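Inside the fold
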Amino acid sequence: MAFVFSDKYVHSFVGEADLLAVSDEVNAAHKTLCEKTGAGNDFLGWVELPISFDRAEVAQMKKAAEKIQSMCDVLIVIGIGGSYLGARAAIEFIHGNYYNNKPKKTPDIYFVGKDISSSHLQDILNICKDKDICVNVISKSGTTTEPAIAFRIFRDLLIEKYGKEGAAERIFATTDAKKGALRSQADTYGYESFVIADDVGGRYSVLTPVGLLPIAVSGADIEEMLAGAAKAYEDFKDGDVLTNGCLKYAAIRNILYRQGKSVEILTANDPALTMTCEWWKQLFGESEGKDGKGLYPSSAIYSTDLHSIGQFIQEGSRVMFETVMNVNIDDGFKVPYDAENGDGLNFLADQTINFVNQKAHDGTVLAHTDGNVPNLSITLTSRSAFDFGYLVYFFEKACAVSGYMLGVNPFNQPGVEAYKKNMFALLDKPGYSELRAELETRLEGLK
């Protein structure tokens, strides 16, 4: 397997006895998930998705991806949260951080609608100015502020460049099957559309059309990605806390949390996994951070961040543990020999860069565990579409089981609405006038 989960670096912090002590709790949480009897059970469509996906829909996505590849230089993906993180994570996991800068036969892909930055939108508009573009707008409702603003802007650009009918040919909507503003627009103007299933929440949606269409446009094999997820489904379907790595990960997270560890840092030693870490942060943060509970999900890229926050991790307050993604892929790229040896590094000459990276990984794990920071380990020996699908399903299932162990509903996000309500009131949205007056008074008092 290209994926190996290990708890060998955490044995001095969490032993077999600790795992056995929570085994009944883990089994109960796993049973609740599999039997769909717990809170949020109407959002469990992702559980069997890898083995029950609609093959006709996948074929439609591949055909749409080919159409997009033939029509444009740039694909603009409009979405926020789970509507963009998974796709961007997959594209960079497979193709690397510099996908848009590489020579290739597929379009550049830019993600907008994930913030409200004027300069960011204008930068992307300038990039698109003299290029053929298509748009994939992703929204269940079509009314979420950030992507709705971006869609207005890029829809108008398409109409200006290609006319209304030509624009409609270049817009691909991923939205609700029957209702919502975006569904209404898709039906009215004839956008090709894909369905966001009612039983799959945004942060669990990367293996649905939400993620798979833009991933397919990048040239990645989405059927292989689903096959990887199906392998993980089978690998982690049965077993107990000692034999099932997914359940073990969920259990150890909760044990460490109860021992006072309040922060989990997901690290990777390959920058191509930066957005995978961002996707993971939403998955766990939005799933577990409620009712005054939950681990704070953070991330770091090594060895880069060892030169910034490494000091804190090594010797700061002992509130964290690490889950380390070690990408161990040796492509033969070597450290060159320097006759002058001015930097004193000839002891590394003719060693591969990956060899050095692996020793940095080993040294970091030893240093951090010596510094009382528990480390869990995931080793990846390739970065294929299959591997990404496998990794995604591992984390999704572990997150659900962990959330049930924590005693929360892993599939809602009530706290996200708080900022929206305040923002709408301050923007004078109809129906919010009383709250607006209250908030403005409060803001004035803070001056």
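Our subject is the structure that appears above.
**A word on the overall build of the protein**
In terms of regular secondary structure, the protein is built from 17 helices and ten strands. A principal-axis box enclosing the C-alpha atoms of the protein has dimensions of 60 × 60 × 55 Å. Evaluated residue by residue, the protein yields a buried proportion of 51% over its 447 residues. Considering only intrachain contacts with a sequence separation of at least 6, the fraction spanning at least 24 residues in the protein is 79%. Just so you have it, the protein exposes about 20,000 Å², and 51% of that area is on carbon and sulfur atoms. Positive and negative charge centroids in the protein, built from 44 and 60 side chains respectively, lie 4 Å apart.

**What about the pattern of salt bridges?**
Pairs may arise between side chains of opposite charge once their charged atoms sit close together. Across all of its chains, the model carries 26 salt bridges by this definition. Between Asp 115 and Lys 114 there is a salt bridge whose closest N-O contact spans 3.8 Å. Residue classification places Asp 115 among the partly exposed positions, given a relative accessible area of 24%. For Asp 156, the salt bridge is made with Arg 155, and the minimal N-O distance between the two is 3.8 Å. Residue class for Asp 156 comes out partly exposed when judged on its relative accessible area of 45%. Taken together, the shared-partner salt bridges connect Lys 140, Asp 176, Lys 179 and Asp 198 into one network.

**Overview of the sheet that holds strand β9 (residues 320-327)**
Spatial strand order, β1-β10-β9-β7-β8: five strands in an open sheet with mixed pairing. The open sheet is flanked by β1 (3-6) and β8 (296-301), the only strands paired with a single partner. Across this sheet, the average inter-strand angle for adjacent strands is 15 degrees, counted without regard to direction. In terms of strand pairing, strand β7 (residues 263-268) meets β9 through six bridges, oriented parallel.

**Structural notes on the side chain of Ser 83**
Tracing the chain through its elements places Ser 83 in the loop between β2 (74-78) and α5 (85-95). With relative accessibility at 16%, the residue Ser 83 sits in the buried group. For Ser 83, the residues in contact, after removing those within four places along its chain, are Ile 138 and Val 210.

**Re the packing of aromatic side chains**
Following the criterion strictly, the structure yields 24 aromatic pairs and no others. Judged by centre distance (4.9 Å) and plane angle (50 degrees), the ring pair of Phe 3 and Tyr 390 falls under tilted. Taken together, the positions of Phe 3 in strand β1 and Tyr 390 in helix α15 (residues 385-406) put the pair 387 residues apart, joining distant regions of the chain. Each of the two residues, Phe 3 as well as Tyr 390, counts as buried.

**Quick notes on the sheet that holds strand β3 (residues 108-112)**
Pairing is parallel in the open sheet, where five strands are placed in the order β3-β2-β4-β5-β6. Each edge of the open sheet carries a strand with a single partner, namely β3 and β6 (192-195). Strand after strand, the sheet turns through a mean of 20 degrees between neighbouring axes, direction not considered. For β2 and β3, the ladder comprises five bridges, and the chain directions are parallel. Looking across to β3, one finds that Ile 76 is bridged to Tyr 110.

**What about the packing of α5 against α15?**
Two numbers describe how α5 lies on α15: the axes approach to 9 Å, and their chain directions differ by 135 degrees. Relative to α15, the element α5 is oriented oblique. At the point where α5 passes α15, the crossing takes the right-handed sense. Residues Gly 86, Ala 89, Ala 90, Phe 93 and Ile 94 of α5 pack against Ala 385, Asp 387, Phe 388 and Leu 391 of α15. Looking at the contact of α5 with α15 residue by residue, the class counts come to seven nonpolar, one polar and one charged.

**Here's the deal with unusual backbone geometry**
Residues Tyr 302 and Ser 303 are joined by a peptide bond in cis, for which omega reads 5 degrees. Position of Ser 303 among the secondary structure elements: in the loop between β8 and α13 (310-315). In this structure, Asp 291 takes a positive phi of about 55 degrees despite not being glycine. Its identity is not glycine, yet Asp 428 carries a phi of approximately 65 degrees, on the positive side. By secondary structure assignment, the location of Asp 428 is in the loop between α16 (416-426) and α17 (433-445).

**Examining the pairing of strand β10 (residues 375-380)**
Most of β10 is tucked away: five of the six residues are buried. Of the strand pairs in this sheet, β1 and β10 are connected by four bridges, and their pairing is antiparallel. Considered in β10, the bridge of Val 4 is made with Thr 379. In terms of strand pairing, β9 meets β10 through six bridges, oriented parallel. Residue Glu 322 lies in a different strand from β10, and its bridge partner there is Asn 375. Remark: the β9/helix α14 (residues 353-370)/β10 crossover connection has right-handed handedness.

Reading the values: the criteria
Residues numbered from 1 in each chain as written. Predicted model: local features only at pLDDT ≥ 70, side-chain atom pairs only at ≥ 80, totals over all residues. Heavy atoms only, no water. Helix = DSSP H or I, 4+ residues; strand = E, 2+ residues; numbered from the N terminus. Buried < 20%, exposed > 50% of the residue type's maximum accessible area, 1.4 Å probe, protein only. Contact = heavy atoms within 4.5 Å. Areas by Shrake-Rupley, 256 points an atom, 1.4 Å probe, with all protein chains shown as cover. Lys, Arg positive; Asp, Glu negative; His and termini not counted. Charge placed at Lys NZ, Arg CZ, Asp CG, Glu CD. Salt bridge = Lys/Arg side-chain N within 4 Å of Asp/Glu carboxyl O. Pairing = 2+ DSSP bridges. Axes fitted to C-alpha atoms, helices over the stretch in contact; angles between N-to-C directions. Phe/Tyr/Trp six-rings, centres within 6.5 Å; stacked < 30°, edge-to-face > 60°. Parallel < 35°, antiparallel > 145°, perpendicular 65-115°, else oblique. Left-handed = near helix turned anticlockwise from the far one by under 90°. Nonpolar A, V, L, I, M, F, W, Y, C, P; charged D, E, K, R; others polar. Right-handed = clockwise from strand over helix to strand, strands pointing away.

In short, the description is geometric, and any link to function would need to be established separately.
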